[in-house]
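# Structure assessment
As a plain string of letters, each chain reads:
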Amino acid sequence: MAAKFLRQSSVPDKLEEKRSAVLDFIEHQKGLDRKVVLVTSGGTTVPLESKTVRFIDNFSVGSRGASSTEYFLKEGYAVIFLHRNRSLKPFLRHFSGYNFLDLLQLDNDNPNSDVKVKPEYQERLVCVLRDYQQVQKEGTLLMVEFQTLSDYLHLLQVCSTCLQSLGRSAMLYLAAAVADFYIPKDQMPEHKIQSSDGPLQLSLQLVPKMLEPLVKEWVPQAYVVSFKLETNKDILVSKSLQALEKYQHQLVVANLLDTRKKEVKLVTRDTCLDITMTTHELSQGQEIEEKIVKELKSLHSAFCSHDEQT
Ligand code: 9Z3
């Protein structure tokens, strides 16, 4: 199913260039003995027309993926950040609500004035810039962009297969909100659908679950973390356990749409750990991803040392 989908869907631009960038990045990190995590982030679009004017989208803004990436970097991981274009990015996300021109000022009395950062933003900007420049210097972050569902799935395959050479040192953290339904290429109109033709009826097909080939074929040794999103709390854990049983990966981060920034469950086949944020922690600007990443780092270390013992 997955292979057929990949064969029949359009391939993203410059796929081979992207593959070599990913391979080079991984080789570099391997030489430095760094663990590598692939973080997927953001929603995917599902085009309704080949020459796309309209598409179906979802709610994800990529906050989970972007913030987790920063915490993985702090914990010493190198990160491949496979993200939806226009979703939140690590570091930049801290200023996403701002018009950047509003952060700056000129000396109005001086016609040759330099551009300066307004005093009230100095501390925050210095902090973020320092971390960002450190990451740039160390070369520990690779940004890979996608937009549509098929771009995402092709790039997921490329990144995962490249990670195979790291064995257990690779982690996959699949936080992207991937569409479940799509229109196959051969059933998609080429041109813009005309509203003059009357109400639109869509028939969507199920997107094959890529977790299956990912775990079985693409990166069989890696530590794989998927995400389960529900809106009904009564089915959250059971659906997570079903996924673990079906795909045989290591862990599911289970979250509810409304409370995803305050509580998640880390579900494995035999444990369920609640991670929560107090109101005080949230008011201090602390983020749940810091706790999630710390916990995963320790579980991943145990997973890697298990390999050394066997
Ligand atoms: C998640 O559950 C992520 O935590 C969120 C993060 C998408 C909720 P934001 O990007 O939100 O910070 O706004 N991601 C996975 C969602 C998903 O589509 N999971 C599939 C499912 O639940 C399986 S892979 O069936």
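A brief structural summary. Please read all numbers here as calculations on a predicted model, not as lab measurements.

### So, the site of the ligand
Within the structure, the ligand sits among 15 residues, and Ser-60, Gly-62, Arg-64, Ala-175 and Asn-255 are positioned closest to it. Between the ligand and the protein, one listed contact pairs a nitrogen atom with a backbone N or O atom of Ala-175 at 2.9 Å. Interatomic distance of 3.0 Å between a side-chain N/O atom of Arg-260 and an oxygen atom of the ligand. Protein coverage of the free-state accessible area of the ligand, which is 600 Å², stands at 88%. Contributions of two or more residues to the shell around the ligand are made by α3 (63-74) and β11 (223-230).

### What about the environment of Val-53?
Of note, Val-53 is situated in the loop between β2 (46-47) and β3 (55-56). On the basis of relative accessibility, which here comes to 47%, the residue Val-53 falls in the partly exposed class. Distance from Val-53 to Lys-192, taken between C-alpha atoms, is 6.2 Å for residues 139 residues apart in sequence.

### Things to note about the pattern of salt bridges
Applying the stated rule across the entire model yields 15 salt bridges. Measuring nitrogen to oxygen at the nearest pair gives 2.9 Å for the salt bridge that ties Arg-19 to Glu-16. Placement of the pair is Arg-19 and Glu-16 together in helix α2 (residues 15-31), with a separation of three residues, close to one helical turn. Residue classification places Arg-19 among the partly exposed positions, given a relative accessible area of 27%. Lys-51 is paired through a salt bridge with Glu-190; the nearest N and O atoms lie 3.2 Å apart. With Lys-51 in the loop between β2 and β3 and Glu-190 in the loop between β9 (181-182) and β10 (205-206), the pair connects residues that are 139 residues apart, well separated along the chain. Ionic contacts of the salt-bridge type, sharing partners, join the residues Glu-70, Arg-93 and Glu-287 into one network.

### Examining the nonpolar core
Within the largest apolar cluster, 49 residues are counted, with the highest numbers of intra-cluster contacts made by Ile-80, Leu-156, Leu-163, Leu-172 and Leu-214. When neighbours within four sequence positions are excluded, Leu-163 is seen to be in contact with Ile-26, Val-36, Leu-38, Ile-80, Ala-170, Leu-172 and Val-219. One finds Tyr-77, Phe-91, Tyr-121 and Met-277 within the second-largest nonpolar core, a separate group that totals 34 residues.

### Topic: the side chain of Glu-70
If you trace the backbone, Glu-70 turns up in helix α3. The buried category is assigned to Glu-70, whose relative accessible area is 7%. Polar side-chain contacts of Glu-70 include one of 2.9 Å to the side chain of Arg-93. In contact with Glu-70, other than residues within four places in its own chain, are Pro-90, Phe-91, Arg-93 and His-94.

### Looking at the pairing of strand β13 (residues 263-267)
Here is the key point about a regular strand: its side chains alternate between the two faces of the sheet. Note: strand β12 (residues 251-256) against β13, three bridges, orientation antiparallel. Bridging from a neighbouring strand, Ala-254 pairs with Lys-265 of β13. Counting the residues between successive antiparallel strands, the hairpin from β12 to β13 contains six residues. Of the strand pairs in this sheet, β13 and strand β14 (residues 272-276) are connected by five bridges, and their pairing is antiparallel. Within β14, the residue paired with Val-267 across the bridge is Cys-272.

Reading guide: rules and limits
Residues numbered from 1 in each chain as written. Predicted model: local features only at pLDDT ≥ 70, side-chain atom pairs only at ≥ 80, totals over all residues. Heavy atoms only, no water. Near = heavy atom within 4 Å. Polar contact = N/O pair within 3.5 Å; in protein donor to acceptor, adjacent residues only side chain to side chain. Areas by Shrake-Rupley, 256 points an atom, 1.4 Å probe, with all protein chains shown as cover. Helix = DSSP H or I, 4+ residues; strand = E, 2+ residues; numbered from the N terminus. Buried < 20%, exposed > 50% of the residue type's maximum accessible area, 1.4 Å probe, protein only. Salt bridge = Lys/Arg side-chain N within 4 Å of Asp/Glu carboxyl O. Core = buried A, V, L, I, M, F, W, Y, C linked by side-chain atoms within 4.5 Å. Contact = heavy atoms within 4.5 Å. Pairing = 2+ DSSP bridges.

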